[in-house]
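Residue-level listing of the chains:
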Amino acid sequence: MNGVLTTSGRQVEPFGRTFEKLPKRALSRVGVVDVGSNSIRLVVFDGAARSPAYFYNEKVMAGLGAEMAATGRLNPAGVERGFNALRRFAALAKGMDIEPLTCVATAAVRDAEDGPAFQQRVERETGLKLHVIDGEEEARLSAQGVLLGWPDAKGLVCDIGGNSMELAEVADGKVGRRASSQLGPFRLQQVKGGKDGLRKHIRGIMADLVARLGTDHDRIYLVGGSWRAIARLDMERRGYPMIVLHEYRMTPKSVEETIDWIAANDLNDLRGRVGISASRMELVPLASQVLAELIAAFKPAELATSSYGIREGLLFEHMSERLRRRDPLIEAARFSERQMARMPGFGRKLYEFLLPIYGDLSPQRDRLVRAACLLHDTTWRAHPEYRAEACFDNVTRANMAALSHPERVFLGLALLHRYKNSRANSPMAPLFSLLDEAELQDAEILGKAMRFGAMFAIDDPQDAAVLKYLPKKKTLQLKLTATGRELMGEVAHARFKSLCSAMGAEPLVLD
């Protein structure tokens, strides 16, 4: 494969050497261009290294790989759209002073007869060095993108593009076996034999993939625009209250029902309801058939949608092992606190002040309490009438990794109660259905605890008071210092009583 970086026979992965040249810093303003078979995208990452923000994100549906299976060449109209996009992206990167800008091309460019000529023209006319990677390397980078979002990911990553579909195992923070196939919708458009011929073709390839990767994968992580489109349609069919695609979970039965629902409805009508582009929607029926066969072949218990893929995988490539082990949620919350809180650093002290309220916290609940305390004062600039809802909205819609949808709602509700005692008549109420009654109560307790703790917004709240929960007596004790007695005004007393009421505990203040 002329000009293609391959993994076969190598001890060192191709991009390991590329990224070793980068300085070991906070990964601020790292730019990536992803030249796919259907879309070309520029992403500029910024912010917290382990949970980066999308400083800039632009996509052009160039369709480079359209009809390539029939002609063997890149789509001429797509080539011109692609060059226009890449010229613009090169100019944008220069204006943003992005160094380096890593450019990766996948199935269309690597498989087309004129792929090398396209690669050379890109470098000559735009100055962008286009790295064309093979299928297994594409699978590895996509899987690393999933690991950026899910540090504990275990299962099979499935990344579908226009001309290929890649699979990779993930477990223990590592990428295992991987495989590439030609199950992209553009290629499937050229399969002869009608529905039966297409089904036979897909099943034959799936059987080979099963032989290579096995079926012992309880979860499949879905990467790629076609999968996300199907997930968004699943949300629409179910009337799901949230439209954040990352971490959206589906059962095989739900996916099968959605595939039947798509087939029974007008695609233009569905597209209008969910805002999917026409070029993307055109590929959904074929992608649906692939997904149905994927489920039948690998028999997963659950499918999880990932918004992270090859671009995030390239960023993950540069992270040290130490950085990779950090919790993306906590890193994002720390970054938000540094940028937006009135007293950066107070969140950790608030967490330590409130810990006596809890017994033995599970690791999953502990990280939510930590994140809430770090975020408790990050929307103070919002209008007081909307501050509670702004907190909730920010968290449930934020680009945060390692956070399931119920956890988003729990964290958002805790922050809502940080500013507001009651959630009655809240416009966010439909999302509360993702939590059970016990979780709703726990979120309220955490919110009211932060609401009270914020009354001791000095360098360290433990210099003002110490909390102690006495479960046998069902009493929450507050022991005040001299400083605490000065701070314990009327509002603080009211908030302490409100917290105790939420806990079902008697308040006891010791002067």
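Residues numbered from 1 in each chain as written. Predicted model: local features only at pLDDT ≥ 70, side-chain atom pairs only at ≥ 80, totals over all residues. Heavy atoms only, no water.

The next thing to look at is the pattern of salt bridges. Going through the model one piece at a time under the given rule, you end up with 39 salt bridges. For Glu 80, the salt bridge is made with Arg 121, and the minimal N-O distance between the two is 3.4 Å. Here Glu 80 is found in helix α3 (residues 76–96), whereas its partner Arg 121 is found in helix α5 (residues 115–126), with 41 residues between them in sequence. A salt bridge links Glu 331 to Arg 326; the shortest N-O distance between them is 3.5 Å. The exposure class assigned to Glu 331 is buried, which follows from its relative accessible area of 11%. Accessibility expressed as a relative area gives 36% for Arg 326, which makes it partly exposed. Taken together, the shared-partner salt bridges in this structure form one network comprising Glu 80, Arg 87, Arg 121 and Glu 125. (Salt bridge = Lys/Arg side-chain N within 4 Å of Asp/Glu carboxyl O. Helix = DSSP H or I, 4+ residues; strand = E, 2+ residues; numbered from the N terminus. Buried < 20%, exposed > 50% of the residue type's maximum accessible area, 1.4 Å probe, protein only.)

Contact geometry for helix α15 (residues 328–340) and helix α17 (residues 363–375): axes closest at 8 Å, N-to-C directions at 10°. Put simply, α15 runs roughly parallel to α17. Between α15 and α17 the crossing geometry is left-handed. When α15 is examined against α17, the residues Leu 329, Ile 330, Ala 333, Arg 334, Ser 336 and Glu 337 are found in contact with a partner set consisting of Arg 367, Leu 368, Arg 370, Ala 371, Leu 374 and Leu 375. Among the residues forming the contact of α15 with α17, the class breakdown is seven nonpolar, one polar and four charged. (Axes fitted to C-alpha atoms, helices over the stretch in contact; angles between N-to-C directions. Parallel < 35°, antiparallel > 145°, perpendicular 65-115°, else oblique. Left-handed = near helix turned anticlockwise from the far one by under 90°. Contact = heavy atoms within 4.5 Å. Nonpolar A, V, L, I, M, F, W, Y, C, P; charged D, E, K, R; others polar.)

On a regular strand, each side chain points to the face opposite its neighbour's, so the side chains alternate between the two faces of the sheet. Burial of strand β5 (residues 101–105) is extensive: five of the five residues sit out of reach of the surface. Every second residue of β5 is oriented toward a common face, with Leu 101, Cys 103 and Ala 105 on one face and Thr 102 and Val 104 on the other, all of them buried. Bridge count for strand β2 (residues 30–35) against β5 is five bridges, and the pairing is parallel. Bridging across to β5, Asp 34 finds its partner in Val 104. Here β5 pairs with strand β6 (residues 130–133) via three bridges, running parallel. By the bridge assignment, Ala 105 is partnered in β6 with Val 132. (Pairing = 2+ DSSP bridges.)

The subject of this paragraph is the side chain of Ser 306. As for its placement among the helices and strands, Ser 306 is situated in strand β12 (residues 302–306). When its relative accessible area of 0% is taken as the criterion, Ser 306 is described as buried. Within polar-contact distance, the side chain of Ser 306 engages the backbone oxygen of Tyr 308 at 2.8 Å. Not counting residues up to four positions away in its chain, the partners in contact with Ser 306 are Val 146, Trp 150, Leu 222, Val 223, Arg 228 and His 246. (Polar contact = N/O pair within 3.5 Å; in protein donor to acceptor, adjacent residues only side chain to side chain.)

Here we come to the sheet that holds strand β15 (residues 506–510). In spatial order, the strands read β13-β14-β15; together these three strands make up an open sheet with mixed pairing. Every interior strand has two partners, whereas the edge strands, β13 (465–470) and β15, have only one. Geometrically, the sheet is characterised by an average inter-axis angle of 20° between neighbouring strands, direction not taken into account. Pairing geometry for strand β14 (residues 475–480) and β15, over five bridges, is parallel. Bridging from a neighbouring strand, Lys 479 pairs with Leu 510 of β15.

Within the largest apolar cluster, 103 residues are counted, with the highest numbers of intra-cluster contacts made by Met 165, Met 206, Trp 227, Leu 294 and Phe 298. Sorting elements by how many residues they give to this core places helix α12 (residues 278–298) first, with 10 residues. Those residues in contact with Met 206 that sit more than four places away from it in its chain are Met 165, Leu 183, Val 290, Glu 293, Leu 294, Ala 297 and Phe 298. (Core = buried A, V, L, I, M, F, W, Y, C linked by side-chain atoms within 4.5 Å.)

Taking the numbering used here, the UniProt-annotated feature "domain: Exopolyphosphatase C-terminal" (unreviewed entry) corresponds to residues 365–504. Secondary structure within residues 365–504 divides into 56% helix and 9% strand; the distance between the first and last C-alpha atoms comes to 20 Å. (UniProt positions renumbered as here; feature names shortened; annotations may be inferred.)

Turning our eyes to something else, we now look at the side chain of Ser 336. With respect to the secondary-structure elements, Ser 336 resides in helix α15. Contact partners of Ser 336, with chain neighbours within four places excluded, come to Ala 341, Leu 375 and Thr 378.

An order of β9-β8-β7-β10-β12-β11 is seen for the six strands of this open sheet, with the pairing classed as mixed. Of all strands in the sheet, those with a lone pairing partner are β9 (174–181) and β11 (249–250), marking the two edges. Here strand β7 (residues 155–160) runs beside strand β8 (residues 165–171); their pairing, made up of six bridges, is antiparallel. Bridge pairing in β8 places Leu 156 opposite Glu 169. The strands touched by helix α9 (residues 225–238) are β7, β8, β10 (219–223), β11 and β12; relative to β7, the strand with the most contacts, the crossing angle is about 105°.

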